[in-house]
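Read off the chains here:
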Amino acid sequence: MRRLLIATTNPAKLAEYKLILRDLGIDLDLVSIADVGISESPEETGATFTENALIKARFYFERARIATLADDGGLEIDALGGEPGVRSHRWLGSGGEDSDEALVAEVIRRMKGVEAARRTARIRATIALMHEEGGVIRERTAAGAIEGVIGERAYREIRKGFPYRAVLVIPGRNSYLGELGDEEEAQISQRRIALLELRDELVRIAGGRAAG
């Protein structure tokens, strides 16, 4: 089975990719950056999710020299002009990544008193995929988003590494994103939407093999 490097140190994100790719019938052995022995990380200096995803994909592909998938994303709140956006994990100016609890609390604080019609928001992700095919380095990107509204209070459980799932309510399901089980969330995931656009490329990386 051919390998695909998922450029993350987050076990939950790796598990989510495994679940989605299995559901899409993509037969690849997914490995993390720890699995391939990379301890370095790039500086994410991009002004957009796409730029940061490409920075990460290029950085890890150059070091691992296997097919590499990286993503970048976060929360966009319309009433806040799209914030926190590309700074979703560094929104509070702490000098590093902000804690999940602090980010959730800041969303609720800033949205206090905002009327229902103006609480629209989305969790967006851009995926960058790099691999070598016939001696040529191929590079593609795709994006997806889960649309919702910001709840008036946070969901009681904040999943480590995924703080904004505790504030985004999915209107059609009348529940917080964080309330959904792994299988249900994978069906509407922003990453699933992006991976569907990249499915043909991923099947080629797998050697033309699609499971099932």
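Keep in mind the model is a prediction, meaning the values are calculated, not measured.

J.: Would you take a moment to explain the pairing of strand β5 (residues 136-150) for this structure?
T.: The side chains of a regular strand alternate, residue by residue, between the two faces of the sheet. Across 14 bridges, the pairing between strand β4 (residues 120-133) and β5 is antiparallel. Paired with Glu133 across the two strands is Val136, which belongs to β5. Between the antiparallel neighbours β4 and β5 lie 2 residues, among them Gly134 with a positive phi of about 60 degrees.

J.: I would appreciate a short explanation of the environment of Asp100 in the present structure.
T.: Within the secondary structure, Asp100 is located in helix α3 (residues 100-110). Ignoring sequence-local partners within four residues, the contact set of Asp100 consists of Ile158, Arg159, Lys160, Gly161, Phe162 and Pro163.

J.: Even after reading the chapter, I still don't get the pairing of β4, so can you show me in this structure?
T.: β4 sits mainly inside the fold: 10 of its 14 residues count as buried. Bridge analysis of strand β3 (residues 68-77) against β4 gives 10 bridges, and the strand direction is antiparallel. For Leu75, the partnering residue across the bridge sits in β4 and is Ile123.

J.: How do you make sense of the layout of surface pockets when you look at a structure like this?
T.: The rolling of a water-molecule-sized probe over the atoms marks out the regions of remaining empty space. There is about 850 Å³ of room inside the largest pocket. Contributing to the lining of the largest pocket are 36 residues, with Asn10, Lys13, His89, Glu97 and Gly161 lying nearest its centre. For the lining of the largest pocket, the secondary structure elements donating two or more residues are α2 (49-64), β3, β4 and α5 (190-197). With 5 residues, β3 is the largest single contributor of residues to the lining of the largest pocket. Its residues assigned to classes, the lining of the largest pocket shows 12 nonpolar, 10 polar and 14 charged.

Reading guide: rules and limits
- Residues numbered from 1 in each chain as written.
- Predicted model: local features only at pLDDT ≥ 70, side-chain atom pairs only at ≥ 80, totals over all residues.
- Heavy atoms only, no water.
- Pairing = 2+ DSSP bridges.
- Helix = DSSP H or I, 4+ residues; strand = E, 2+ residues; numbered from the N terminus.
- Contact = heavy atoms within 4.5 Å.
- Buried < 20%, exposed > 50% of the residue type's maximum accessible area, 1.4 Å probe, protein only.
- 1 Å grid on protein atoms, 1.4 Å probe; cavity = no way out; pocket = protein on both sides within 12 Å on 5 of 7 lines; lining within 4 Å.
- Points joined across faces, edges and corners; volume = space filled by probe spheres on them.
- Nonpolar A, V, L, I, M, F, W, Y, C, P; charged D, E, K, R; others polar.

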